[in-house]
Structure formats: structure tokens, C-alpha cells
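Next come the chains, spelled out residue by residue.
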Amino acid sequence: MSTATRSSEGSRVAVRRGQVSPPTALASIGLGGLLVLALWLHDTPAVIGFGGWLTNAGRLTGLVAGYAIAVILLLMARVPALERGLGADRLARWHAMGGRYVVSLAVAHTLLIIWGYSVSAHTDVVSQTSSFIRSYPDVLMATVAVLVLVAIGVTSARAARRRLAYETWHFIHLYTYLAVALSFSHEFATGADFVDNAPARWLWSALYIAVAALLLWCRLAMPVRAALRHRLVVLGVRRESADVVSVYIGGRHLGELATEPGQFFRWRFLTRDLWWAANPYSLSAAARPDWLRITVKVAGGHSAALSTLAPGTKVLAEGPYGGFTATRRTRRRVLLIAGGVGITPIRALFETLPGYPGEICLLYRANDIGEFVLREELEAIARSRGAELHLLPGRPGQGSSDQLAAERVTALVPDVRQRDVFLCGPPGMMAAATRELRRAGVARRDIHRESFVF
Ligand SMILES: Cc1cc2nc3c(=O)[nH]c(=O)nc-3n(C[C@H](O)[C@H](O)[C@H](O)COP(=O)(O)OP(=O)(O)OC[C@H]3O[C@@H](n4cnc5c(N)ncnc54)[C@H](O)[C@@H]3O)c2cc1C
């Protein structure tokens, strides 16, 4: 848990309690990795011969793969302290990167162990593989687990991901749990680090039990408890533009949700067509005692169907999640930049971030003037709190010709280098805006981003 204390030019100090900061999370993951290494060293008095080196490399890659899979499951367990401290964006990136490590390590483990044993036993790799599968306990199940992991890895590769519906990809991903279950028993039955080492078996089991408990608690028990407590229902739907609607959701005890502006929920609307999908949408206004609001642009089936929701439709909401909130702020002055429907969390921050007149500025980018949704609300907020609002219409330009080019941003916001920047929009716009902000001299650590893409 961390308390952020960076302060600059007399600005406020951000305090984050009950959150795990990125350095703390990385240090903890690294420490766990060192313990795994220590376990391997403890059980490896000497490495003899080429076969021994291969086998030990195989043991080590297997141990690290087993540890890494527990870590990536933990990252996706939706633990509030991780969601708030790291942010959904970073969690998803770390999870994806960890997934690539797990698949590579599991494959390397399999190949190295087979090769190492065949060198030591002077047999060929085919007979060694067959001997492993036929005679070693639970190795057949572990082999299936590796194949399952490879299949998940292949379907997650960018090219394949683009061709798959999100739901298909998500469903295939759930097989990770099967892979963990299939591979677990061979670790204790054949793993040299566990067979004669009861404390190691206890610690390893404790790691997996803790992750499983967090998954069950945060992904199942907490949402069910929240559903019973808050009894959320759709209050109404308002059209904001040709392809954007706002959905108002009411319920009981909404204050207890402790929602921070900038956060999102995973929403499950209990209609015949939508009950099985829980999609993430940010709150597009600060939570009120009697309603929450999301504003959604049509991207595919789920988002399109929201315009047809009838008042009274029951809703399950998982959250609040995400760290794109005022806790990221370390400077007195703030620049908010939104692209298209990325305005949703930005609109909530624009309304609520503390600041005197002139300290909060919003640049809102869209391709066309008709695409500026929530415009009247934004203008009213700007007027009431003396904040700046610049609408920047137009197709994306190249380099300095773009509306968010460094020169243009500096002209509109001359003190941009002394500001925190909160940025949300489509991936291309976010990448270009980040590049231009860096060119304008904004430090990377002052740019806080929320991505809508998984
Ligand atoms: C943290 C976060 C906050 C978001 N906030 C908003 C918002 O305020 N307003 C808004 O209009 N959109 C928001 N989105 C995007 C929104 O979730 C997707 O556009 C929507 O889920 C698409 O679903 P679909 O069935 O309509 O389209 P599909 O065609 O199924 O999906 C289009 C793309 O959306 C993404 N997607 C789909 N389902 C999910 C899911 N369950 N989880 C994660 N990504 C998914 C995938 O990348 C997919 O390729 C947010 C996304 C994230 C991750």
C-alpha cells in the first residue's frame, strides 16, 4: 500500500491510501520471483553435465512459469487495491505481457526437460517424450495444459485477436483456469523442488489458494453482494448524438459504492440478449446519491443495444474500478484532453477536480462539430467554475498540422509543462497526443491515460 508524496511548485500532494502503487506492485512481483529462484538454488547443490544444465534450466523455467501464472491471475482478479492503484489500463498491459512470458516459459520448460533427460539417459527425444507421458505421474495432464496455454496465446496474438469477437476471445481465455488445474498436480508429483520439500509445497499451495480466494471473492462474492445491496435498475436512456446514448441507472445506497470520478464499472444489463455480457463503461458524471450515468458510443452489439434499454431493466455492476482519478494528480494545474467518446471519464473529472478559476483546462477533440457530445453540460461546468474549454473539431492532421500538435497545445495552454495531463480517447489519438505532449515538454510521469481498448 502506498502514499504518494511527490509535490511540485507549491502544488497539492496526492495521497493514495488502500492502493498498491506500480513500484510497490513491481517490487512485490520481483521479490516473489527471487524467492522462486532461491527455492531452485536451495534444491540444486550441483549441476552436472550438459544434460544436467538442460534439466535444471527446465526446472527453473517451470517454476517461474508456475509463479507467473499465479501473478497474471492475480492481476485480473479485480482486487480493488490493484484496480485503483495500477489502473485497468496498466493491469491489462501487464497481464498481456505476463501471459506471453507464461506461454514461452511453459513451452521452454517442456522442451528443456525432455531434451535434458534424453541427453542424460542417452535416448532420443521422441522415446523420452513418450516415456514421460506414459510413466511419470500427471505429466500427460500437464502436457495438455501447455497445449491449452499455447492455444490461448495464439488467439491473443494481435492478428488473431482482431478477427475474433471479444466474447469468443474472452471465453477461450477462461480455459486458463483449466490449464492451471491440469498442470498443478504434476508440480508436486514430479517437481524436484517439491517432492521432498514439505514447506515449499505448503508455500506454493498457499500462493495458489490465496489467488483462488481473491478471484472468487472479488469476481463473484463482491458483485453478488453489491447486487443485493444496491438493486440497480435503468431509469432512462437519453440520446446524445446519432451514435451515442446516455443511460441513467438508479438504485439504493449508491453513496456506499464510494465511486470516484474517472472510474468505470463492468455493466451487465439483465435483458434476454445482454445478460451474459459485462462490458466496461466509465461514469460520465460524478455519482449522485440517486443515480449513476454512463455515456456510450456504438462500437458493436452490446453498445448498440443500450439505446433500446427499457426503464426498470435490472442491472448488475461490478466496480468501481480504475485509477484514472484525482489521486493521480500531483500538480495544482490540470489539463484534460478528450478524444471522441473518451470524454466520459474526462467529463466527470472536469466537473469535480478541485481547482480555482484558470487551473483546470479541457481540450476536447472530435472529427466533426456534431460529435461533441455532452457539450452543453461541459459549457455550463466551464462557466460555473471558471474553467477553460476548447472544442477542437477536424480530421486528424499530420504532425504539426493536427489540432493537438505541440505548438497548438502550447499556444492554448502556455503552462502545459507545469500541469498534470489526463488523457482519454481512441488509441491512435492517445498515441499522437502523448507524442505531442512529450514534444511540448510534458514529463511522462505527468501524463495519466485511460484506454478503452483491451
Ligand atoms: C475501462 C474502459 C472504459 C470504457 N468506457 C467507455 C465509455 O465510457 N463509453 C464508451 O462508449 N465506451 C467505453 N469503453 C469501450 C466499451 O467497453 C466498448 O466499446 C464496448 O464494450 C464494445 O462492446 P460491443 O459489443 O459494443 O462491441 P464489440 O464489437 O464486441 O467490441 C468492440 C471492441 O470493444 C472492446 N470490448 C468489447 N467488449 C469488451 C469487454 N467486455 N471488456 C473490454 N473490452 C471490450 C474490444 O476491444 C472489442 O474489440 C470502455 C472500455 C474500457 C476498457
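Parameters and conventions
- Residues numbered from 1 in each chain as written.
- Predicted model: local features only at pLDDT ≥ 70, side-chain atom pairs only at ≥ 80, totals over all residues.
- Heavy atoms only, no water.
- Pairing = 2+ DSSP bridges.
- Helix = DSSP H or I, 4+ residues; strand = E, 2+ residues; numbered from the N terminus.
- Axes fitted to C-alpha atoms, helices over the stretch in contact; angles between N-to-C directions.
- Patch = residues over 30% accessible without salt bridge, like charges linked within 9 Å, V, L, I, M, F, W, Y side chains within 5 Å.
- Areas by Shrake-Rupley, 256 points an atom, 1.4 Å probe, with all protein chains shown as cover.
- Salt bridge = Lys/Arg side-chain N within 4 Å of Asp/Glu carboxyl O.
- Lys, Arg positive; Asp, Glu negative; His and termini not counted.
- Charge placed at Lys NZ, Arg CZ, Asp CG, Glu CD.
- Buried < 20%, exposed > 50% of the residue type's maximum accessible area, 1.4 Å probe, protein only.
- Near = heavy atom within 4 Å.
- Polar contact = N/O pair within 3.5 Å; in protein donor to acceptor, adjacent residues only side chain to side chain.
- Nonpolar A, V, L, I, M, F, W, Y, C, P; charged D, E, K, R; others polar.
- Domains from an automatic or database assignment.
- Contact = heavy atoms within 4.5 Å.
- Buried area = accessible area lost by both parts, 1.4 Å probe.
- Phe/Tyr/Trp six-rings, centres within 6.5 Å; stacked < 30°, edge-to-face > 60°.
- Core = buried A, V, L, I, M, F, W, Y, C linked by side-chain atoms within 4.5 Å.
- Parallel < 35°, antiparallel > 145°, perpendicular 65-115°, else oblique.
- Left-handed = near helix turned anticlockwise from the far one by under 90°.

Comments concerning the sheet that holds strand β3 (residues 264–269)
Spatial strand order, β4-β3-β6-β1-β2-β5: six strands in an open sheet with antiparallel pairing. Of all strands in the sheet, those bounded by a partner on one side alone are β4 (279–282) and β5 (292–297). The mean angle between the axes of side-by-side strands here comes to 40°, regardless of whether they run parallel or antiparallel. Relative to β4, β3 runs antiparallel, the two being bridged by four bridges. When the bridges of β4 are listed, W267 appears paired with N279.

A word on a positive patch on the surface
A contiguous patch of positive charge on the surface is contributed by R93, R438, R444 and R449. Structurally, the position occupied by R449 is in strand β11 (residues 447–451).

Notes on the pattern of salt bridges
Counted under the stated rule, the structure contains 19 salt bridges. Of the charged contacts in the structure, one is a salt bridge between R332 and E359, with a shortest N-O distance of 3.8 Å. With R332 in the loop between β6 (314–321) and β7 (333–339) and E359 in the loop between α12 (343–352) and β8 (360–366), the pair connects residues that are 27 residues apart, well separated along the chain. One salt bridge connects R347 with E377, and the closest N-O pair in it is separated by 2.6 Å. With a gap of 30 residues between them, R347 in helix α12 and E377 in helix α13 (residues 375–385) connect regions that are remote in the sequence. The exposure classification of R347 matches that of E377, with both residues buried.

Considerations on the site of the ligand
Taken together, 22 residues lie around the ligand, and N279, P280, K297, S303 and T344 are the ones closest in. Between A278 and the ligand, the recorded distance is 3.3 Å, taken from a backbone N or O atom to a nitrogen atom. Considering the ligand on its own, with 870 Å² of exposed area, one finds that the protein chains cover 86% of that surface. Listed by contribution, the elements that provide at least two residues to the shell around the ligand are β4, β5, α11 (301–305) and β11. Element by element, the count of residues in the shell around the ligand is highest for β4, at four residues. The residue makeup of the shell around the ligand, split by class, is 10 nonpolar, nine polar and three charged.

Points about the domain arrangement of the protein
Domain parsing of the protein yields domain 1 (22–220), domain 2 (231–321) and domain 3 (326–451). Using C-alpha coordinates to define each centre, domain 1 is positioned 37 Å away from domain 2. With six residues of domain 1 at the interface, the matching set in domain 2 holds 10 residues. Here domain 1 packs against domain 2, burying approximately 730 Å² in sum over the two surfaces, 46% of which is carbon and sulfur. When the buried surface of domain 1 facing domain 2 is broken down by residue, R78, R84 and E167 rank first, second and third, together holding 66% of it. In this assembly, domain 1 and domain 2 are joined by two salt bridges. One salt bridge in this structure joins R78 and E318, with 2.8 Å as the shortest N-O distance.

Some points on the packing of aromatic side chains
The full count for this structure, using the stated rule, is 16 aromatic pairs. Centre to centre, the rings of W204 and Y208 are 6.0 Å apart; their planes meet at 40°, and the pair counts as tilted. Taken together, the residues W204 and Y208, both in helix α10 (residues 198–230) and four residues apart, mark about one turn of the helix. Each member of the pair, W204 as well as Y208, carries the same accessibility label: buried. Taking 5.2 Å as the distance between ring centres and 70° as the angle between the ring planes, the aromatic pair formed by Y248 and W291 counts as edge-to-face. Of the two residues, Y248 sits in strand β2 (residues 244–250) while W291 sits in the loop between β4 and β5, which places them 43 residues apart along the sequence. Accessibility expressed as a relative area gives 22% for W291, which makes it partly exposed. Each residue in the set F184, F188, F194, W204 and Y208 is aromatic and connected to the rest through ring pairs, giving one cluster.

Points about the nonpolar core
Within the largest apolar cluster, 39 residues are counted, with the highest numbers of intra-cluster contacts made by L63, I69, L149 and W204. Where this core is concerned, the elements lending two or more residues are α1 (22–42), α2 (49–75), α3 (80–86), α4 (88–121), α6 (139–156), α9 (175–190) and α10. No other element matches α2, which puts nine residues into this core. The residues contacting L149, other than those within four sequence positions of it, are I69, V102, V103, A106 and A179. By size, the runner-up hydrophobic cluster in this structure holds 23 residues, among which are V334, I346, F372 and L378.

Some thoughts on the packing of α6 against helix α8 (residues 166–173)
Taken N-terminus to C-terminus, the directions of α6 and α8 make an angle of 160°; their axes are 9 Å apart at the nearest point. Considering their axes alone, α6 and α8 lie roughly antiparallel with respect to each other. At the point where α6 passes α8, the crossing takes the left-handed sense. Every residue of α8 that contacts α6 at I152, T155 and S156 is listed here: W169, I172 and H173. Each residue belonging to the contact of α6 with α8 can be placed in one class, and the counts come to three nonpolar, three polar and no charged.

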